[in-house]
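Coordinates in review
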Amino acid sequence: MVVGNIILRLRGSLEFKCQLDSTDVPHVQKVISRTFEALGSQVKAESLVLSLSSSPVFLWPNKGGHATAGEISPNRPCKDLQQLIQTDDQESSRKKSAKKDKKNPTAGIINLTLMTEVTEPGVLSAPTLLRGSKKHHLLQTTLPMDCVVSVLSSESISVVCGTLVGALCSQLSDMEKVALRHMKGTALLIPQPFHFLLPAPVGLVTVVYPAGVPDSQLETRRKELHSLFELPDDRPYLRRANALHFPDEPYKDGYLRNPHVHLNHPALENGKPYLVQGVYSYHHYMQDRVDDNGWGCAYRSLQTICSWFQQQGYVERAVPSHKEIQQALVEVGDKQGSFLGSRQWIGSIEVAAVLDQLLGVTSKIMFVSQGNAECFRELANHFLSEGTPIMIGGGVLAHTILGVAWSETTGQIRYLILDPHYTGAEDLQVITEKGWCGWKGPEFWDQNAYYNLCLPQRPKTI
Amino acid sequence: MGRGYIVEDVVEKYLSNLSVPGASCVTGLLIGQSSSQRDFVVLAVRTPQKDTEGQGSPSVSRGAGNSLEHLDVEWVTEHARQVSRMLPGGMSVIGVFLVTPPELSKEGQNTLRRLIFAVDKHISKGRLWSLTEEDVTEKVTLHICSKTRKVVCRTYDVRDPKSSAKPADWKYQSGVCTSWPLLTCSVGLNLVFPVLEMHVLPQDMEKCMKEGLQTWAKQIEDGLCLINGDAMPGEVELLGGQKKNAKAVQQTFRAQILIPMAEPQSERRLTASVKVCSGSLTLKGMVQCRAYLHSNKPRAKHATEVIKRDVINTVSSRVEMFLEDLLMEGEDKGSVGVQQVLPRRVFAPVPGMSLCVCDYMFPDECVSDVSDRLKEMLDWETPEDSIDTSQEAVPEAPTIDLKNTVVQKNLKAKSTLDARPKTPSEDPTEAHKSHKTYYAGVAMAAAIALLATGTSLIYLSD
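So, a few notes on the structure that sits alongside this text. If you're wondering where the values come from, they're calculated on a predicted model, not measured in any experiment. (Residues numbered from 1 in each chain as written. Chains lettered and ligands numbered in written order. Predicted model: local features only at pLDDT ≥ 70, side-chain atom pairs only at ≥ 80, totals over all residues. Heavy atoms only, no water.)

With 13 of its 17 residues buried, strand β7 (residues 136-152) of chain A lies for the most part within the structure. Note that β7 of chain A and strand β12 (residues 273-292) of chain B share five bridges and pair antiparallel. Paired with H136 of chain A across the two strands is C277 of chain B, which belongs to β12 of chain B. (Buried < 20%, exposed > 50% of the residue type's maximum accessible area, 1.4 Å probe, protein only. Helix = DSSP H or I, 4+ residues; strand = E, 2+ residues; numbered from the N terminus. Pairing = 2+ DSSP bridges.)

Turning our attention to the nonpolar core. Core analysis: the largest hydrophobic core is formed by 62 residues, its most contacted members being F309, I346, L355, L379, I401, V404 and L453 of chain A. At eight residues, helix α7 (residues 297-311) of chain A tops the list of elements feeding residues into this core. Once residues lying within four places of it in the same chain are set aside, the contact partners of F309 of chain A are Y314, V315, L359, V361, T388, P456, Q457, R458 and P459 of chain A. Counting residues in hydrophobic clusters, the runner-up holds 53 residues, among them V76, Y292, A348 and C356 of chain B. (Core = buried A, V, L, I, M, F, W, Y, C linked by side-chain atoms within 4.5 Å. Contact = heavy atoms within 4.5 Å.)

For the rest of this paragraph, the subject is a nonpolar patch on the surface. Residues and elements named next belong to chain A. On the surface, a nonpolar cluster with roughly 320 Å² of combined accessible area is contributed by W345, V396 and L397. Among the secondary structure elements, V396 is positioned in the loop between β12 (390-394) and β13 (397-407). Judged by its relative accessible area of 59%, V396 falls in the exposed class. (Patch = residues over 30% accessible without salt bridge, like charges linked within 9 Å, V, L, I, M, F, W, Y side chains within 5 Å. Areas by Shrake-Rupley, 256 points an atom, 1.4 Å probe, with all protein chains shown as cover. Salt bridge = Lys/Arg side-chain N within 4 Å of Asp/Glu carboxyl O.)

All names here are of chain A. Checked against the element boundaries, V290 lands in the loop between β10 (271-275) and α7. Residue classification places V290 among the partly exposed positions, given a relative accessible area of 28%. The spatial distance from the C-alpha of V290 to the C-alpha of Q42 is 52 Å, given a sequence separation of 248 residues. Filtering out sequence-adjacent residues up to four positions away, V290 remains in contact with R300 and H322.

Here we take up the sheet that holds strand β3 (residues 39-46) of chain B. Residue and element names in this part refer to chain B. Spatially, β7-β6-β5-β4-β2-β3-β1-β8 is the arrangement adopted by the eight strands of the open sheet, whose pairing is mixed. Two strands close off the open sheet at either side, each with one partner strand: β7 (166-167) and β8 (169-173). Here three bridges tie strand β1 (residues 4-8) to β3, and the two strands are oriented parallel to one another. Residue V7 lies in a different strand from β3, and its bridge partner there is V41.

Our focus in this paragraph is the pairing of strand β4 (residues 92-100) of chain B. In summary, the side chains of a regular strand alternate between the two faces of the sheet. Residue and element names in this part refer to chain B. With eight of nine residues buried, β4 is to be regarded as a mostly interior element. As judged from the seven bridges shared by strand β2 (residues 26-34) and β4, these two strands associate in the antiparallel manner. If you follow L30 over to β4, its bridge partner there is G95. In the sheet, β4 pairs with strand β5 (residues 138-145) via six bridges, with the strands oriented parallel. Looking at the pairing, L98 lines up with H143 of β5. You can see the chain leave β4, run along helix α3 (residues 105-124) and come back into β5, and the turn it takes is right-handed. (Right-handed = clockwise from strand over helix to strand, strands pointing away.)

The next subject is the interface of chain B and chain A. Counting residues at the interface gives 67 residues for chain B, matched by 46 residues for chain A. At the boundary of chain B with chain A, total buried surface from both sides reaches about 4900 Å², with 60% on carbon and sulfur atoms. Taken together, chain B and chain A are joined by one salt bridge. Ionic pairing is found between K135 of chain A and E197 of chain B, a salt bridge with its closest N-O pair at 3.5 Å. Across the contact surface, chain B and chain A share 22 residue pairs in polar contact (both at pLDDT 80 or more). The element best represented in the side of chain B that touches chain A is β12 of chain B, accounting for 15 residues. A per-class count over the side of chain B that touches chain A returns 40 nonpolar, 16 polar and eleven charged. Pairing geometry for strand β6 (residues 128-132) of chain A and strand β13 (residues 339-341) of chain B, over three bridges, is antiparallel. Bridged to T128 of chain A within β13 of chain B is V341 of chain B. (Buried area = accessible area lost by both parts, 1.4 Å probe. Polar contact = N/O pair within 3.5 Å; in protein donor to acceptor, adjacent residues only side chain to side chain. Nonpolar A, V, L, I, M, F, W, Y, C, P; charged D, E, K, R; others polar.)

Let's shift gears to the environment of T282 of chain B. If you trace the backbone, T282 of chain B turns up in strand β12. Residue contacts for T282 of chain B: discarding those within four places in its chain leaves T128, L129 and L130 of chain A together with L191 and V192 of chain B.

The next subject is helix α8 (residues 322-331) of chain A. All names here are of chain A. What α8 keeps buried is the set H322, I325, Q326, A328 and L329. Projected down its long axis, α8 shows its buried positions confined to an angular sector of 155°, all on one face. Within α8, the exposed residues directed more than 90 degrees away from the buried face are K323 and E331. Against α7 and α9 (348-359) lie the buried residues of α8. At the C-terminal side of α8, G333 shows a positive phi close to 85°. (Arc of directions from axis to C-beta.)

It is worth spelling out the packing of α7 of chain A against α8 of chain A at this point. Residues and elements named next belong to chain A. Following both chains from N to C, one finds α7 and α8 inclined at 95°, their axes separated by 10 Å at the closest point. Relative to α8, the element α7 lies roughly perpendicular. For the pair α7 and α8, the contacting residues are Y299, R300, L302 and Q303 in the first and H322, I325 and Q326 in the second. When its residues are assigned to classes, the contact of α7 with α8 shows three nonpolar, three polar and one charged. (Axes fitted to C-alpha atoms, helices over the stretch in contact; angles between N-to-C directions. Parallel < 35°, antiparallel > 145°, perpendicular 65-115°, else oblique.)

Counted under the stated rule, the structure contains zero disulfides over all chains. Left unpaired, C437 of chain A is separated from the closest cysteine sulfur, that of C297 of chain A, by 17 Å. Judged by its relative accessible area of 0%, C437 of chain A falls in the buried class. Of all cysteine sulfurs, the one in C208 of chain B lies closest to C277 of chain B, which takes part in no disulfide; the gap is 9.3 Å. (Disulfide = S-S within 2.5 Å.)

Moving on to the packing of aromatic side chains. All told, the structure shown has 14 aromatic pairs over all chains when counted by the stated rule. With centroids separated by 6.3 Å and ring planes inclined at 70°, the aromatic side chains of Y274 of chain A and F376 of chain A adopt a geometry described as edge-to-face. Here Y274 of chain A is found in strand β10, whereas its partner F376 of chain A is found in helix α10 (residues 375-385), with 102 residues between them in sequence. Like Y274 of chain A, the residue F376 of chain A is buried in the burial classification. Between W170 of chain B and Y172 of chain B, the aromatic rings sit 6.2 Å apart at their centres with planes inclined by 90°, giving edge-to-face as the arrangement. Assessed through its relative accessible area of 14%, W170 of chain B is described here as buried. Judged by relative accessible area, which is 25%, Y172 of chain B ranks as partly exposed. In this structure, K335 of chain A is placed above the aromatic ring of F339 of chain A, and the distance from its NZ or CZ to the ring centre is 5.6 Å. (Phe/Tyr/Trp six-rings, centres within 6.5 Å; stacked < 30°, edge-to-face > 60°. Lys NZ or Arg CZ within 6 Å of the ring centre and 35° of its normal.)

In structure tokens:
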């Protein structure tokens, strides 16, 4: 993200309504195109109004950025808009989230919603009623507009308004292409926009996908885009699950994401941390109304790993339950039928087997004895190349390793551990302060125990 | 503790000038506004005579009309409904009055009770907006003894059919409404209502229009209202800036209505909905809206409420009138595919006050028709040049699809258009009691006579 830039996000629904006199394909295509064209005019009309969320400000982008609040005039820089947004008091008092905001480049985005002014006179004469009597199919839906633009914070409001309207128009054009490409008869799949934060220098892009068509059927499209944006062709960047998660939108499932980002790096001289890449959810004891206290730690670690593969877009299936995990092991023949419904522990071998059976993911198994320091290098390499969470089992415990750090000068090693034995609520403060997610030193390892590590490998796919 | 009614001096004059010969009874309406603290009455209008021969001389008794039993309640309620259509936002029929000879005073109270409930029920029919908890549901009944001129004022809660009479104060004052703030706006309409396959026009036209307008009315009700360009919080006092003893002057406020373009609450679809339709109804044009507020510390939320209600009322009134007229005329086979002009709104000043009332002119009517109607409904003389017909322009040319070559051809042929044919079946003297007929009386006769004076209908071929 470019420093000194502001991100504005504009959302709203445009009503899409058209009359099809026949179901003849060329006719349908013509009518659809004409309807999109009319929406384009609507978006450029003077009656379009942008509402600045959580503020009393309304902007008329097609009237030069004229605004309601007196202090906002069209030639003021757009960063002035931020001061008018009424922020949630609770949020600003939490120091931890302030730190998170610094690290998260999309923090402080300005949200706007679409409105229309009905008192804006376009047609000046008294109303008329027209009765049409042609039989037709009425196609009706709303288009979920969602535009994101990144502009200099010093850019004037009137220019930014123009940029936003331009973004709406080009999104309509993208939606038209997608709608026509995937249309069958009178079934119009609703085009849905997704935002992706691609590695520099590309940055923020928005891609429109048709609703209801799974990622697996959209590979050709993704190949085109990968080549357009010069993205590597062996890992997913543009699957729906890879879509950028905006900081102001809470996750609906209630699981915490990446609690480790709220921690300070270990205070090591010349220490460089090697961390998990992407996003995972924290799974631990007692979640989902399953009381697995005392036996489910490896299952939870496995769930954390599955959540990683889902959120990086490799799989579409939900994180498996304890039952599904056990079922998978019986299916591959690793366990007998009596295993189902039991409270038996599993180890890294079983974790690897389930990842293979349910997700199609292969893993490397590593044996470590007596806290072997050299294994550190392998772990660091793993985080660099694969970046997946590691499940570690040994003795009577299982944990998840999210990262390692090592000091060149002192030789000290630290391990970033996510502990599945936590039984409390999704309280970020407790989890980070009490070390349920935290950096541990070598004393964390039992010197007399043997450890097995499961290192999941990324499938080569987009 | 009863309600207090503050009544304009002119009402006292009107009521005392009502000539009520002998033992006959006179009914009428009381027009004004109710606020939570106080109620205001600005106009009193007697129920017009049913007999058109007796028009203009209110002293003609109708023989059997001496007894209260022969009082035509339906006639009174129909008059109330017609008058309601002539009132801008904020103003409404808030009560009824009854003048009886002293011996009928007691029975008169029962009559008043019947009348007020019937009137309220009738004028609420077809209303597209809903009452809120803050709306005052107490209506006033005024009994005047024809001999002693003694006034008895009581209120009933029309929401409760079992409610009993509560005493209320009736106080005359001058200049009650001189400083009533006025809100104005003009609302653009561009609505397309589908006529689903199962419906048959013209019978189901009313149903289709009603359904469509209901959705639109909800949007307006839920919309945001700006007053003089400002999004005021609801509790802010509209007249806040005025000094206490400043000269009472009427302020005008410009209202703007913004509607969010948001996705409807219903479940997320993957494809556009498809409906088979046999036709469509398109309502296009601009309506001019006005509303008055009282001067007793009105708040922004009251202002937005009255102007929104006027917007909804003016559209539903003229659609109702149009449909009633269509019903009376009999279905014109040529009207399909024809853009018909709905009645347009005109304004007339209330004598001696800074308020306006409105009326609706059909395309084939002229100012003298309006003047006649005002005399009949509101019982006052209006000089024709004081009637403002300029607010809503007559559509000169088709306002849709000028690129359509068929339309262009018809524009050239416009000069040869005939007036809309009317079936001369109605007997102008057959003053109807039926609810469905538009209370035409003299106006109907005048309209037929004025056929030749040109129309503003535009014909479009299918």
